[in-house]
Amino acid sequence: MPESDLITIGAFARSCGITASALRFYDDSGLLAPAGVDETTSYRYYAPEQVARAVTIRRLRDIDMPLEGIARVLAAGAHDAARLIDDHMARLVERTQQARQTAEIVKTALGESAGWPVGTVRGPVLAAAVEQILAATGTDPDLPVLAGVRLEATAESLTLTATDRYRLSTRTVVPEQAGSAEWAATVAGGDLSAALQEIRRTHLVDLEAGEHSIRFRSADGVVRTCRTLTEPFPDHRALLAALPAARTHVVVSKHELMRALEQQRARYLRLVVAPGSLALSGTADEPGTELSALVTGPPRDLVFGFTILHPAVATAIGPDVRLDIGGPRDPMVVRSADNGDLTTLAMPADPTVVDTENGSPN
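- As annotated in an unreviewed UniProt entry, the protein carries the name MerR family transcriptional regulator and is attributed to Nocardia flavorosea.

### Comments concerning the packing of helix α6 (residues 123-134) against helix α7 (residues 189-200)
Then comes step 1: Two elements in contact, α6 and α7, have axes whose closest approach is 9 Å; the angle formed by their N-to-C orientations is 150 degrees. Of the possible angle classes, the one that applies to α6 and α7 is roughly antiparallel. Pair α6 / α7 crosses with left-handed handedness. Residues Gly123, Pro124, Leu126, Ala127, Val130, Glu131 and Leu134 of α6 form the contact with α7, whose participating residues are Gly189, Leu192, Ser193, Leu196, Ile199 and Arg200.
Then comes step 2: Its residues assigned to classes, the contact of α6 with α7 shows eight nonpolar, three polar and two charged.

### A word on the sheet that holds strand β3 (residues 44-46)
Then comes step 1: Spatially, the three strands line up as an open sheet ordered β1-β3-β2, and their pairing is antiparallel. Two strands lie at the open edges of the sheet, namely β1 (7-8) and β2 (36-37), each paired on one side alone.
Then comes step 2: Where β2 meets β3, two bridges bridge the pair, whose relative direction is antiparallel. Bridge pairing links Gly36 to Tyr45 in β3.

### Some words on empty space enclosed by the protein
Then comes step 1: Tallied over the full model, the rule gives two cavities of 30 Å³ or more.
Then comes step 2: Of the pockets and cavities examined, the largest cavity occupies roughly 40 Å³.
Then comes step 3: With four residues, the top contributor of residues to the lining of the largest cavity is strand β4 (residues 116-122).
Then comes step 4: Its residues assigned to classes, the lining of the largest cavity comprises six nonpolar, four polar and no charged.

### Comments concerning helix α9 (residues 254-262)
Then comes step 1: Turning to α9, its buried residues number three or more, namely Lys254, Leu257, Met258, Ala260 and Leu261. The buried residues of α9 occupy an angular sector of 160 degrees when projected down its axis, which confines them to one face.
Then comes step 2: If you follow the buried residues of α9, they end up packed against β13 (248-253), β14 (268-274), β15 (277-281), β16 (289-292), α10 (306-314) and β19 (320-325).
Then comes step 3: Sitting at the head of α9, Ser253 places a side-chain oxygen 3.3 Å from the backbone nitrogen of His255.

What counts, and where the lines are drawn
- Residues numbered from 1 in each chain as written.
- Predicted model: local features only at pLDDT ≥ 70, side-chain atom pairs only at ≥ 80, totals over all residues.
- Heavy atoms only, no water.
- Axes fitted to C-alpha atoms, helices over the stretch in contact; angles between N-to-C directions.
- Helix = DSSP H or I, 4+ residues; strand = E, 2+ residues; numbered from the N terminus.
- Parallel < 35°, antiparallel > 145°, perpendicular 65-115°, else oblique.
- Left-handed = near helix turned anticlockwise from the far one by under 90°.
- Contact = heavy atoms within 4.5 Å.
- Nonpolar A, V, L, I, M, F, W, Y, C, P; charged D, E, K, R; others polar.
- Pairing = 2+ DSSP bridges.
- 1 Å grid on protein atoms, 1.4 Å probe; cavity = no way out; pocket = protein on both sides within 12 Å on 5 of 7 lines; lining within 4 Å.
- Points joined across faces, edges and corners; volume = space filled by probe spheres on them.
- Buried < 20%, exposed > 50% of the residue type's maximum accessible area, 1.4 Å probe, protein only.
- Arc of directions from axis to C-beta.
- Polar contact = N/O pair within 3.5 Å; in protein donor to acceptor, adjacent residues only side chain to side chain.

Laid out in structure tokens, this is it:
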């Protein structure tokens, strides 16, 4: 390559998101040698096609892969490289779990207060409820509280709620034993997700509330701590109370509705409710998949994004779902019940997008 096409180390570093000192380190480590070195000044120069390798090294360092592991990944074929990365991530998760357990032991040794009892719930039931609700959490950087799950405990129930502003899901489970007082907090969704595996394999889980966290304790003393968030959670009760009365009610088999949804490939779906039936299609001129349904109220024709409607139905519990439909712009309420209940609000899309976004002629 002509020297005129080479890039100075400073410009190359900026294009890769890596510091010049890190590039020198990678050169000395044998991971990324410069394309040329000035014999007089020893100044390093790089070729544009080296950017991809540099970015890959940076990303592998971001997941705490050691230099030796990076060298093996870069030297391997695509299949073996993927396996090496997966192996590294598995070790990373194991170390994180061990670190969490050690942290709990240290906090106990330092005299951390026990907290107050929130209630006792069967682990598999709680894990399933958390998974169902996590589907409705959001990732808005301006509203980090949307990544959390609201937990509310009373003597009769433990209620979990999440919303990303396009969906709202609330799930109620019956505790095996109630706590000493009512309690509510918003729990970090990422922490809950990380705790799922241990919660699921524990028969009974005691929930203990701390000042800035909630702890899940098993009978053998294993504890998982999840942080609570300080930002106020959206007033979901006011939203539910403000919903207009639904005029159309549909009861349909969850299995049949899921099968119909998974047959669709379009980004937006048209949901048409008629006496005795519910039909799904990707465009207005398609007949769609028609399902038998128990319908009361007037016919309805709504449009939903697939990524909104599918998880609202997929997380339902029990063999049937009930759809409560108001106006064309109102949230549709998806209800289901089986050892507790689950309610999800799904916002419809603009009806004009179904044909333009799905590529069907008007």
